[in-house]
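The primary structure of each chain is shown beneath.
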Amino acid sequence: MREIIIIGSGPAGFTAAIYAARAGLKPLLLASSVEAGGELMNTTEVENFPGFPEGIQGPALMMKLQEQAEKFGTEVVLDDVTSVKLDGDVKVVETGYSGTFEARSVIFATGSAYRKLGLPDEERLSGRGVSWCATCDGFFFKTKTIAVVGGGDSAMEEATFLTRFAEKVYVVHRKDTLRASKIMQDRAFLNDKIEFVWNSEVVGINGENAVEGLTLRDTRTGLQSELPVQGLFVAIGNDPRVHLVHNQLDLTADGTIAVDGRSSRTNLPGVFAAGDVIDAHYRQAATAAASGTVAALDAEEYLAALDQVEHESPAKLAADLVAAE
Ligand SMILES: Cc1cc2nc3c(=O)[nH]c(=O)nc-3n(C[C@H](O)[C@H](O)[C@H](O)COP(=O)(O)OP(=O)(O)OC[C@H]3O[C@@H](n4cnc5c(N)ncnc54)[C@H](O)[C@@H]3O)c2cc1C
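Remember, it's a predicted structure, so these values are computed and weren't measured experimentally.

Enquirer: I'd like a rundown of the pattern of salt bridges, residues and numbers included.
Expert: Inspection of the entire model under this criterion finds 14 salt bridges. The salt bridge partner of Lys-182 is Asp-186, with a shortest N-O separation of 2.7 Å. Of this pair, Lys-182 and Asp-186 both sit in helix H6 (residues 182-189), four residues apart, roughly one helical turn. With its nearest N and O atoms 2.7 Å apart, the salt bridge here joins Glu-201 to Arg-217. Of this pair, Glu-201 sits in strand S14 (residues 200-206) while Arg-217 sits in strand S15 (residues 213-218), placing them 16 residues apart in sequence. Taken together, the salt bridges that share partners define one network made up of Glu-3, Arg-104 and Asp-307.

Enquirer: Outline the sheet that holds strand S10 (residues 130-131), listing residues and values.
Expert: Strands belonging to one sheet form pairs held by backbone hydrogen bonds; the direction of such a pair is parallel or antiparallel. Across the sheet, five strands lie side by side as S10-S17-S11-S12-S13; this open sheet has parallel pairing. The outermost strands of the open sheet, each flanked by one partner alone, are S10 and strand S13 (194-197).

Enquirer: Outline the site of the ligand, supporting the account with residue identities and numerical values.
Expert: Taken together, the neighbourhood of the ligand is formed by 34 residues, with Glu-35, Asn-48, Val-81, Asp-276 and Ala-285 sitting nearest. Contacts to the ligand include Ala-109, whose backbone N or O atom sits 3.5 Å from an oxygen atom. In isolation the ligand has 1000 Å² of accessible area, and contact with the protein removes 97% of it. Within the residue set of the shell around the ligand, elements represented by two or more residues are helix H1 (11-22) and helix H7 (285-312).

Enquirer: Lay out the pairing of S15 with the relevant residues and their values.
Expert: The buried count for S15 comes to five of six residues, which makes it a mostly enclosed element. The pairing of S14 with S15 spans six bridges and is classified as antiparallel. The residue bridging Gly-204 from the neighbouring strand is Thr-215, located in S15. Where S15 folds back on strand S16 (residues 224-227), the antiparallel hairpin that results is connected by five residues, among which Gly-222 adopts a positive phi of roughly 80°.

The rules behind these values
- Residues numbered from 1 in each chain as written.
- Predicted model: local features only at pLDDT ≥ 70, side-chain atom pairs only at ≥ 80, totals over all residues.
- Heavy atoms only, no water.
- Salt bridge = Lys/Arg side-chain N within 4 Å of Asp/Glu carboxyl O.
- Helix = DSSP H or I, 4+ residues; strand = E, 2+ residues; numbered from the N terminus.
- Pairing = 2+ DSSP bridges.
- Near = heavy atom within 4 Å.
- Polar contact = N/O pair within 3.5 Å; in protein donor to acceptor, adjacent residues only side chain to side chain.
- Areas by Shrake-Rupley, 256 points an atom, 1.4 Å probe, with all protein chains shown as cover.
- Buried < 20%, exposed > 50% of the residue type's maximum accessible area, 1.4 Å probe, protein only.

Pasting the structure below:
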């Protein structure tokens, strides 16, 4: 049986693996088959991860994290976890192709997925004008004209934040009223750089190598129009990847895995969670990495305490005495 299994290969999973491996726990990291490396595999330049003053491409950063985790003895398996059994002392993790694994502890670092519009050119132009994260990419849109899609708090927050960089920010919304809280709406309405495009949905993202414009459809008349922009921020929600743990782990109202305070401890002993799957707010590579650190340290502490109990149990003491004779 293994000491620790880490599920997920984003910044949280690999950082947890680096710490666990350096603590001698020989972690197994189940990295997913086609989505190994996490969300940063979908982006180009990352300029805000500490230690890279020149910036680094997202996939290159993830390769470095994997290399560092493997260097200290992490075993990385490119497979998807299909089910887990988390109650009891032995955690059972089943994968698509590589069989079933058992461990004394598990760290969930399965991340979260930004909701997509589902348009054909969305993926192709991701990192080339299409973004899901203003904090990550706003800086690249200095003096540009951009659009934000969405009508909730996060769309208003992204739009308002983006006016620090962009010359003009259109907010494209399917209806003529917003879901966002009044205070967030008022802030956006008062901002001179923000213009609302009501009753409209994006049906096309145009541009060869970078976003050059959007095709909009009026949701009442069906008429189409063009909106020339150099960037599109999709702010229509985010889904923590928790399908494996429904009915096993407690979740928060935001749908993230619930943890105890600043720790990574879930409601089940020996089960820890880190990164965007526990974070409805910050969702950055550096915060995910920090959270992975916390999870590895919590797991280390848990395993050490288990060893202590085992060592001190009367049955174990008796067995030790017999063995010593
Ligand atoms: C386009 C884009 C650009 C971004 N740019 C930046 C940026 O410039 N700077 C920044 O700080 N942040 C950026 N972010 C945010 C950053 O990527 C995330 O905050 C960070 O990746 C979260 O790390 P994580 O380890 O929690 O999860 P993730 O990176 O999402 O990794 C989770 C991993 O778990 C795997 N997984 C899920 N379920 C299973 C399963 N059942 N079995 C096995 N594996 C599974 C997934 O496939 C994935 O590999 C960006 C995000 C996006 C989408």
